[in-house]
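# Report on the structure
Below are the chains, spelled out letter by letter.
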Amino acid sequence: MTNTNQNIVPHLWYDKEAGEAAEFYTSIFPDSKILSKTTLQETPSGDSHLVSFELWGHKFMAISAGPYFTFNPMVSFMVNFDPSREKDARSKIDEIWNKLSEGGKVLMPLDKYPFSERYGWIQDKYGLSWQLILTNPEGQERPAIMQSLLFAGDTCGKAEEAVNFYLSVFKNAKLGNIARYPQCMKPDKEGSLMFSDFMLEDQWFTAMDSARNHEFSFNEAISFMVYCDTQEEIDYYWEQLSAVPESEQCGWLKDKYGVSWQIVPREMEEMMSSNSTPEQISRVSQATLKMKKLDLAALQKAYKG
């Protein structure tokens, strides 16, 4: 089932492999396809290649734009294999796990855990992390793919505060399940967030704290594009989310937890698509490079030339 009006789209930054990775993922997941490919010329990283694709009906954007950021498990994608939706959920989880494992690294082996009959956490050959879980069909229904945020290192213990913050900022938002760490799970602090899921703009995310020694933090390798219909909306999200002035550029910002967001006009997708001429794409791209917060009227003007 495709969510055509997905208002928050995960954006993946690769050095050179965006197109190849998109082909790989769309070949593995059901109900998946490449939507569009575009080249942006003369960006600060040289020519950048953009690809938009869908996995199991969930939309992603990827860009090849140089070796500046590296994926890590602070942001991963949780894939729900629900036996009430998929009659062969168990064989499907194994099949997708095996394909994602090629050249990858196992973070938690695919096995039985207290919270699931079958679960595993894997970093694929491109470094992107996936949590595959056979969900309990008795539970509340969740979509096939959910964005997952891990609060570790200097953000450890802030998962719940972050969830409440995001729920206050985004519309069509609600809290789902909450599970807290019990007393006996050192180094994790009793009462901190072992797992929580929540909905922003009709899309599900998960969040958890981890006090284990992780050598990484949130970075720009994975950001979340928030599609806005008006300049008012762009201004609102910018105002609410941006907390690191030096990270503001080309519609990108960082929030107070270090998570990267891109606040973009919905029209931009059409402007940057294969329906536009290379000149139009170049003008919009050059105009964007001069902005911090995006100016919809100025972008429309650049597009029209």
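The model shown is predicted, which means the values in this text are computed figures rather than measured ones. (Residues numbered from 1 in each chain as written. Predicted model: local features only at pLDDT ≥ 70, side-chain atom pairs only at ≥ 80, totals over all residues. Heavy atoms only, no water.)

### A short note on the environment of Ser-32
On the secondary structure map, Ser-32 appears in the loop between helix H1 (18-28) and strand E2 (33-43). The spatial distance from the C-alpha of Ser-32 to the C-alpha of His-58 is 8.3 Å, given a sequence separation of 26 residues. Excluding its chain neighbours within four sequence positions, the residues that come into contact with Ser-32 are Thr-26, Glu-54, Leu-55 and Trp-56. Among the polar contacts listed, one links the side chain of Ser-32 to the backbone oxygen of Pro-30, at a separation of 2.8 Å. Of note is the side chain of Ser-32, whose polar atom sits 3.1 Å from the backbone nitrogen of Trp-56. (Helix = DSSP H or I, 4+ residues; strand = E, 2+ residues; numbered from the N terminus. Contact = heavy atoms within 4.5 Å. Polar contact = N/O pair within 3.5 Å; in protein donor to acceptor, adjacent residues only side chain to side chain.)

### Quick notes on empty space enclosed by the protein
All told, the structure shown has 1 cavity of 30 Å³ or more when counted by the stated rule. Its volume calculated, the largest cavity comes out at about 50 Å³. In this structure, the largest cavity is lined by Thr-70, Phe-71, Asn-72, Met-74, Val-75, Ser-217, Phe-218, Asn-219, Ala-221 and Ile-222. Considered class by class, the residues forming the lining of the largest cavity number 6 nonpolar, 4 polar and no charged. (1 Å grid on protein atoms, 1.4 Å probe; cavity = no way out; pocket = protein on both sides within 12 Å on 5 of 7 lines; lining within 4 Å. Points joined across faces, edges and corners; volume = space filled by probe spheres on them. Nonpolar A, V, L, I, M, F, W, Y, C, P; charged D, E, K, R; others polar.)

### Side note on helix H2 (residues 89-101)
Its 13 residues place the ends of H2 18 Å apart at the C-alpha level, agreeing with the 18 Å of an ideal helix rising 1.5 Å per residue. All of the buried residues along H2 are Ala-89, Lys-92, Ile-93, Ile-96, Trp-97 and Leu-100. All buried residues of H2 fall inside an arc of 130° around its axis, so they share one side. Where the residues of H2 are buried, they touch H1, strand E5 (75-81), strand E6 (105-113), strand E7 (116-123) and strand E8 (129-134). (Expected span 1.5 Å × (residues − 1). Buried < 20%, exposed > 50% of the residue type's maximum accessible area, 1.4 Å probe, protein only. Arc of directions from axis to C-beta.)

### A few points about the layout of surface pockets
Empty space within the largest pocket amounts to approximately 1,100 Å³. Lining the largest pocket are 38 residues, with Met-78, Phe-115, Tyr-119, Ile-133 and Phe-195 positioned closest to its centre. With 4 residues, the top contributor of residues to the lining of the largest pocket is E6. Its residues assigned to classes, the lining of the largest pocket comprises 21 nonpolar, 10 polar and 7 charged. Put simply, the second largest pocket is a space of about 930 Å³.

### Some points on the sheet that holds E5
For sheets, the rule is that strands pair by backbone hydrogen bonds, running either parallel or antiparallel. In spatial order, the strands read E6-E7-E8-E5-E9-E12-E11-E10; together these 8 strands make up an open sheet with mixed pairing. Of all strands in the sheet, those with a lone pairing partner are E6 and strand E10 (174-180), marking the two edges. For this sheet the average axis-to-axis angle between neighbouring strands, irrespective of direction, equals 20°. As paired strands, strand E11 (residues 193-200) and strand E12 (residues 203-210) are joined by 5 bridges and run antiparallel to one another. Across the sheet, residue Leu-200 finds its bridge partner in E12, namely Gln-203. In the packing of helix H3 (residues 159-169) onto the sheet, contacts are made with strand E9 (145-152), E10, E11 and E12, and the angle to E11 comes to roughly 10°. (Pairing = 2+ DSSP bridges. Axes fitted to C-alpha atoms, helices over the stretch in contact; angles between N-to-C directions.)

### Examining the nonpolar core
Counting 79 residues, the largest nonpolar core has Tyr-25, Trp-130, Tyr-166 and Trp-261 as the members making the most contacts within it. Looking at this core element by element, the count peaks at 7 residues for H3. If near-sequence neighbours (up to four positions away) are discounted, Tyr-25 is found in contact with Tyr-14, Phe-53, Leu-55, Leu-100, Asp-124, Tyr-126, Leu-128 and Trp-130. Residues Leu-50, Cys-250, Ala-287 and Leu-294 belong to the second largest nonpolar core, which totals 22 residues. (Core = buried A, V, L, I, M, F, W, Y, C linked by side-chain atoms within 4.5 Å.)

### Structural notes on the pattern of salt bridges
In this structure the tally under the stated criterion is 14 salt bridges. Linking Lys-33 and Glu-54 is a salt bridge whose minimum nitrogen-to-oxygen distance equals 3.5 Å. Of this pair, Lys-33 sits in strand E2 while Glu-54 sits in strand E3 (residues 46-55), and the two are 21 residues apart along the sequence. Of the charged contacts, one joins Asp-94 and Arg-118 as a salt bridge, the two residues approaching to 2.8 Å between their closest N and O atoms. Here the residue Asp-94 occupies a position in helix H2, and Arg-118 occupies one in strand E7, the gap between them amounting to 24 residues. Judged by its relative accessible area of 25%, Asp-94 falls in the partly exposed class. The class for Arg-118 is buried, based on a relative accessible area of 17%. (Salt bridge = Lys/Arg side-chain N within 4 Å of Asp/Glu carboxyl O.)

The quantities given are spatial measurements derived from coordinates; they are silent on function.
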